[in-house]
Amino acid sequence: MRIDIITLFPEIALAPLRESIIMRAQKAGIVEIHAHDLRSWTVDKHRKTDDYLCGGGQGMLLKPEPVFAAVADLRRAETKVILTTPQGLPFKQEDAQRLTSCEHLIFICGHYEGVDHRIVEHLVDEEISIGDYVLTNGALASAVVCDAIIRLLPGALGDDRSPAEESFSDPTLLEPPAYTKPIDFMGLKVPDILLSGNHAAIEKWKQNEALERTRRNRPDLIARSRENQ
Ligand code: ADE
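Residues numbered from 1 in each chain as written. Predicted model: local features only at pLDDT ≥ 70, side-chain atom pairs only at ≥ 80, totals over all residues. Heavy atoms only, no water.

S.K.: Quick rundown of the overall build of the chain? Include the residues and the values.
M.R.: Across its full length, the chain holds eight helices and nine strands. By principal-axis analysis of the C-alpha atoms, the chain measures approximately 70 × 40 × 40 Å. Buried residues in the chain amount to 39% of all 229 residues. Put simply, of all contacts in the chain between residues at least 6 apart along the chain, 73% involve residues at least 24 apart. Surface exposure of the chain reaches about 13,700 Å², of which carbon and sulfur atoms provide 52%. Each charge class in the chain was averaged separately, 27 positive and 35 negative side chains, and the resulting centres sit 3 Å apart. (Helix = DSSP H or I, 4+ residues; strand = E, 2+ residues; numbered from the N terminus. Buried < 20%, exposed > 50% of the residue type's maximum accessible area, 1.4 Å probe, protein only. Contact = heavy atoms within 4.5 Å. Areas by Shrake-Rupley, 256 points an atom, 1.4 Å probe, with all protein chains shown as cover. Lys, Arg positive; Asp, Glu negative; His and termini not counted. Charge placed at Lys NZ, Arg CZ, Asp CG, Glu CD.)

Below you can see the structure in the form of structure tokens.
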């Protein structure tokens, strides 16, 4: 997979992708990531990338010209263009999974105050939001989406761990609590059941705990699973 990120802040997009599993995936040739400064596609003296809203309104929007020029330069036949924006569709694990089948992704990192809508209408295949909050720009959001996709690419996790067992592989259930050694940490004990060796009982405990955690932290997931039944 190749990923091109078009942003005013290439370092913000790249820094989180330079560590650990995602860096290893790049070194192993599983993914190639390039971040580009949108200003390289400006042609005016001031290298202007944003402007005031037509018809009035607060703030500034990303101008269309440099974004259209950047996408024209980077696009190939198989490219999918993604805009990261708080106005996008909520990004889910199933989207990360779906996007692993793309050979080439271009991320346009939105300005927090928005982009000229002609970009959305004529360039963008998908608008993605990573949550109901507003970041200062879309570069961090693009890094988050890239991370979620890349770790699912075959070979990226580098061992026999499977992403299939974690939270959101079943999108209606969170993972149960988990413990490691020491078994007694300053009087705080690992639940006896996990040390019992009774695998059926352990499995049942995990299921109950997963359900309880989901009820407590994400009741919306349970409601959604009922709606889909
Ligand atoms: N840009 C600013 N906030 C964002 C968000 N929540 N998701 C995606 N892109 C953004």
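Structure's up, so let's keep going.
S.K.: So what about the site of the ligand? Which residues, and what values?
M.R.: Close to the ligand lie 13 residues; T85, I130, G131, Y133 and L135 are nearest. Separating a nitrogen atom of the ligand from a backbone N or O atom of I130 is a distance of 3.0 Å. When isolated, the ligand has an accessible area of 260 Å², and the protein chains bury 100% of it. Mapping the ligand onto the cavity grids shows that it belongs to the largest cavity. (Near = heavy atom within 4 Å. Polar contact = N/O pair within 3.5 Å; in protein donor to acceptor, adjacent residues only side chain to side chain. 1 Å grid on protein atoms, 1.4 Å probe; cavity = no way out; pocket = protein on both sides within 12 Å on 5 of 7 lines; lining within 4 Å. Sits in = over half its atoms within 2 Å of the grid points.)

S.K.: Which residues make up the pairing of strand β5 (residues 79-90), and what values do they have?
M.R.: Taken together, the six bridges between β5 and strand β6 (residues 104-109) define a ladder with parallel strand orientation. Paired with T84 across the strands is C109, a residue of β6. With helix α4 (residues 93-99) bridging β5 and the parallel β6, this β-α-β connection has right-handed handedness. Direction of pairing for β5 relative to strand β7 (residues 126-129): parallel, over a ladder of five bridges. When the sheet's bridge partners are listed, P90 is paired in β7 with S129. (Pairing = 2+ DSSP bridges. Right-handed = clockwise from strand over helix to strand, strands pointing away.)

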